Amino acid sequence: MSEPTAEDNGKPISQQDLCIPEKEAPKDSCCSSLKIFIVALSFAYFSKTLCGTYMKSAITQIERRFDLSSSAVGLIDGSFEMGNLLFLAVVSHFGARLHRPRLIGMGCFLMAIGSALTGLPHFFMGRYKYDTVIQGSLNKTVSIAPCQYPMVPNDYSNAHIKPSNNTGTGCVKDPGSSMWIYVFLGNALRGIGETPVTPLGISYIDDFAKAENSAFYISCLQTIMLLGPMFGFLLGSMCARLYVDIGFVNIDSVTITPQDARWVGAWWLGFFVSSAILVLAGVPFWFLPRSLTKQGEEGKENSNVDQGNKEQPVLPTTHSIKLSDIAKGFLPSLKRLLCTPAYFLLLCGIVLKFNSFIGLLTFKAKYMEQQFGQSASRANFLIGVLILPVVAVGIFLGGLLMKRYKLSVVAGAQLSFITSFSAFLLLLLQFGTKCENLPVAGLTVSYNGTPDTSYDERSLMSQCNQDCSCSTSEWDPVCSDSGITYVSPCLAGCTASTGQGKNTVFHNCSCVLTPSPVEGSRSVSLGQCPRGPACTRSFTSYMAVSVLSSFINSLGTTPGYMITIRCITPELKSLALGIQTLVMRTLGGIPAPVYFGALIDSTCLKWGMKSCGGRGACRMYDSNMYRVIFLSLTTCLSGCSYFFIIAVIVLLRKQFSKEEVKALQQTASKKNEIELQAPEKRHPDGSKTDTREKTETTNAEG
């Protein structure tokens, strides 16, 4: 092979010049700064969603521990969005012009502090106490006669037994009765810390990634993000199975089980675990650059450096921009954004959909507990193991479809609508998957066994227990062999007991209809009666429909997310994502848990009582009304959102069809200009020929 000559077409060739083509088409580095940022952002998403979904999974435990109603605990859950609102619009607008990675790192540290503050009240509340007549701390069997002595004797002290209700002057208020305020503040602080993560992270990726890779990266981000909720619910399942005061009390002395409505799990433990994870997630962002080279333009940058243009920056620096200059453009940018019809209608549809989603996510585990008799631990476990993995797969496949077939904005909107509406139709089947009310004497059935739902506590009293001086405010359920549950051994009319702790059995119960074949007398055992096999089959059908509908709905998540980014001008991307999140938090994240909780409270049949009087947490719901209200609310909100989504698709079709026609006209006009400005060709004899004349002659001959 010959060496390159000194001249080729009059130009010198050097070894450096030969290497230039290789630099023009570089391969993406496996450890480029953009990919490191995506990995770090994925872990931050994982951490924040783990903590957020753990909060959702601990709703029931917090409600019982602080003796709150569902609407009150919904307000605590909404404090996250309240904190988010304080800084979201400002961070979205100003943050795009500041050091975005470091702002995200600061947010992670704030979330860690808020999570730790949420779990801190556990150490200042004292031991958890619940209503019971069982002396679990005794080492010997003591016969208890609930009918004669409904209130617990003073000489049988038990750390778990809740004192009798006393509204007089001698009542000592529970020191932890107001501690829920710290849970509220910690959750709000976590919301403030979450503010920069999503809008700044997504805009950072979209600014420096190739257009065809942006959707794929975001879908990968959302897929990895869903590992957070999966582990969050699994963490919630594990903590709900542990007793709240584990490590501080003898577990053998606890007479209730995780299936009991009085059970409180170790809700505080998961918040400290998630706090440690959030600290780790915030570290990498402090070492990432403020800006990057646009993906695919690295070769051009390298070429410029080799040619001596070392002083040319990658992107215009913004360190000299003043905040006052940025603030001047905020209101005009906001006006431009909200005056975009497609974006505004899409925002309305998203708000309705988000209301439905937040209500469903917040109270889904509780719905499974009350409707199908599942424990909080099992409900959280099934959500984390069955539903969330298929959602992750669906989101990933949706992003893959966008990348593989290069779907346009209109095609992405249509795909999102079709998948979401199909899932909506499937959810309607859940109205038929139900369990009947658990038979509880005085609440869902009368004492003679006939169905009769009552919201009046006076119905708990009957002729069979009227001489027992029972308290109707207690909740210490016992189960008879006939399958009927009684609110307490006293209300069952029991006069004797055998055994100790969890194994206590009460005898000679005057309200029990059928004598026990084992004891030869009317007996009851601790705890509610289990549900029948028909309820188990209904629960299996319910989970199958939930898994299938979740997968179908998730296929359109990424295409739907890209509509927000692509239906507005590029310079408004960060603001558009920020305003979208702001409106979702304001009109969905804050009110949805509150009004969902208030409607759920309206179905309560038996309320617990606080130590000094006042309504506590609900012990039992009317499961039929719970199902109708909960499912009707979620489906109505989702159904109304589709009217707005259809309008968005129509607008996008018109908008992009006009743009295509305009693009074709511009192409045609440019072609005509090129033909009109075609250069004259010179013949060897020196004569000139106009290419336009040649074209016309050729056309005439044709």
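Within each chain, residues carry numbers counting from 1 in the order of the written sequence. Confidence filtering applies because this is a predicted model: local features only for residues at pLDDT of at least 70, side-chain atom pairs given and counted only at 80 or more, and all residues used for totals across whole chains, interfaces and linings. Side-chain metrics rest on all non-hydrogen atoms present in the structure, leaving aside hydrogens and water.

**With respect to the overall build of the chain**
Strands are runs of DSSP state E lasting at least two residues, helices are runs of H or I lasting at least four, and both sets are numbered from the N terminus onward. For the chain, the helix and strand inventory stands at 22 helices and nine strands. For the exposure calls, accessible area comes from a 1.4 Å probe over protein chains only, and a residue counts as buried if that area is under 20% of its type's maximum, exposed if over 50%, partly exposed in between. Sorting the 702 residues of the chain into buried and exposed places 49% on the buried side. Summarising the internal contacts of the chain: among those between residues at least 6 apart in sequence, 79% fall at separations of at least 24. Accessible surface, the chain: about 33,000 Å² in total, of which carbon and sulfur atoms supply 61%. Throughout, a contact is declared for two residues whenever any of their heavy atoms are within 4.5 Å. Using the Shrake-Rupley algorithm and a 1.4 Å probe, accessible areas are obtained, with residue cover drawn only from the displayed protein chains.

**Regarding the confidence of the model for the chain**
Do not read the predicted coordinates in detail wherever pLDDT is low. Each residue carries a pLDDT value, the predictor's own confidence for that position, ranging from 0 to 100. Per-residue confidence for the chain gives a mean pLDDT of 78; residues scoring 70 or more make up 76%. The low-confidence segment residues 149–169, where pLDDT is below 50, has 55 contacts with residues more than four positions distant or belonging to other chains. Low confidence marks residues 305–320, where pLDDT is under 50. Its contacts with residues over four positions away, or in another chain, come to 15 contacts.

**Let's talk about a nonpolar patch on the surface**
A cluster of nonpolar side chains, Met 106, Val 283, Trp 286 and Phe 287, forms an exposed patch at the surface whose accessible area comes to about 430 Å². Tracing the backbone shows Phe 287 in the loop between helix H10 (267–282) and helix H11 (298–306). According to the relative accessible area criterion, Phe 287 is exposed, its value standing at 70%. For patch building, the residue pool is restricted to those with more than 30% relative accessible area and no salt bridge; the joining distance is 9 Å between like charges and 5 Å between nonpolar side chains (Val, Leu, Ile, Met, Phe, Trp, Tyr). Here a salt bridge means any side-chain nitrogen of Lys or Arg lying within 4 Å of a carboxyl oxygen belonging to Asp or Glu.

**So, the pattern of salt bridges**
One pass over the structure, following the stated rule, counts ten salt bridges. Here Arg 262 makes a salt bridge to Asp 260, at a shortest N to O gap of 2.8 Å. As far as the burial class goes, Arg 262 and Asp 260 line up, both buried. Between Arg 262 and Asp 476 there is a salt bridge, with the nearest N and O atoms lying 3.0 Å from each other.

**Considering the sheet that holds strand E4 (residues 505–507)**
Note: strands within a sheet are paired through backbone hydrogen bonds, in either parallel or antiparallel orientation. When DSSP finds two or more bridges between two strands, those strands count as paired. Strand order in this open sheet of five strands is E2-E1-E5-E4-E3, and the pairing throughout is antiparallel. Where the open sheet ends on each side, the last strands, each with one partner, are strand E2 (485–486) and strand E3 (496–498).

**Quick word on the environment of Trp 268**
Among the structural elements, Trp 268 can be located in helix H10. Residues Trp 268 and Ala 58, 210 residues apart in the sequence, show an inter-C-alpha distance of 8.8 Å. Setting aside residues no more than four positions away along its own chain, Trp 268 makes contact with Tyr 54, Gly 119, His 122, Phe 123 and Val 244. Polar contacts, as counted here, are pairs of nitrogen or oxygen atoms within 3.5 Å of one another; within protein the pair requires one atom able to donate a hydrogen and one able to accept it, and residues that are adjacent in sequence qualify only if both atoms are side-chain atoms. A distance of 2.9 Å separates a polar side-chain atom of Trp 268 from the backbone oxygen of Val 244.

**Observations concerning the UniProt feature "transmembrane region" (unreviewed entry) in the chain**
UniProt positions are given in the numbering used here, feature names are shortened, and annotations may be inferred rather than shown by experiment. In the numbering used here, UniProt assigns the feature "transmembrane region" (unreviewed entry) to residues 33–51, 103–124, 224–244, 264–288, 342–361, 381–402, 409–429 and 628–652. With 100% helix and 0% strand, the stretch residues 342–361 has end C-alpha atoms that lie 28 Å from each other.

**Considering the nonpolar core**
For this analysis, a nonpolar core means a set of buried residues of the types Ala, Val, Leu, Ile, Met, Phe, Trp, Tyr and Cys, connected via side-chain atoms within 4.5 Å. By size, the foremost hydrophobic cluster in this structure holds 61 residues, and its most contacted members are Leu 337, Tyr 343, Met 368, Phe 630 and Leu 652. Of the residues forming this core, the biggest block, twelve residues, is contributed by helix H14 (residues 341–372). For Tyr 343, the residues in contact, after removing those within four places along its chain, are Leu 337, Leu 338, Thr 564, Cys 567, Ile 568, Ala 576, Ile 579 and Gln 580.

**Things to note about helix H18 (residues 557–566)**
The buried fraction of H18 amounts to eight of the ten residues, a majority that puts the element mostly inside the structure. Regarding H18, the residues found buried are Thr 558, Pro 559, Gly 560, Tyr 561, Met 562, Ile 563, Thr 564 and Ile 565.

**Focus on the state of the cysteines**
Cysteine sulfur atoms that pair up within 2.5 Å are treated as a disulfide. Evaluation of the coordinates by the stated rule reveals six disulfides. Disulfide pairing places Cys 470 opposite Cys 490 at an S-S distance of 1.9 Å. In this structure the cystine formed by Cys 470 and Cys 490 twists about its S-S bond by roughly -90°; its chirality is therefore left-handed. Residue Cys 470 is found in the loop between helix H16 (409–427) and strand E1 (478–480), and its partner Cys 490 is found in the loop between E2 and E3; the two are separated by 20 residues along the sequence. Comparing Cys 470 with Cys 490, the two get one shared label, buried. There is no disulfide at Cys 636, and the cysteine sulfur nearest it, in Cys 640, is 6.5 Å away.

**A short note on the packing of aromatic side chains**
Aromatic pairing here means that ring centres of Phe, Tyr or Trp (its six-membered ring) are within 6.5 Å. Orientation follows from the plane angle: under 30 degrees is stacked, over 60 is edge-to-face, and everything else is tilted. This model, assessed by the stated rule, comprises 28 aromatic pairs. Their ring planes at 75° and their centres at 6.3 Å tell us that Trp 267 and Phe 271 sit as a pair that is edge-to-face. In this pair, Trp 267 and Phe 271 are both assigned in helix H10, four residues apart and thus about one turn of the helix distant. A single burial state applies to Trp 267 and to Phe 271, both of which are buried. Relative to Tyr 642, the ring of Phe 417 lies with its centre 5.9 Å away and its plane at 80°, an arrangement referred to as edge-to-face. Residue Phe 417 is located in helix H16, and its partner Tyr 642 is located in helix H21 (residues 623–676); the two are separated by 225 residues in the primary sequence. This pair shows no difference in class: Phe 417 is buried, exactly as Tyr 642 is. Joined through ring pairs, the aromatic side chains of Tyr 367, Phe 372, Phe 539, Tyr 542, Tyr 595, Phe 596, Tyr 621, Tyr 626 and Phe 630 make up one cluster.

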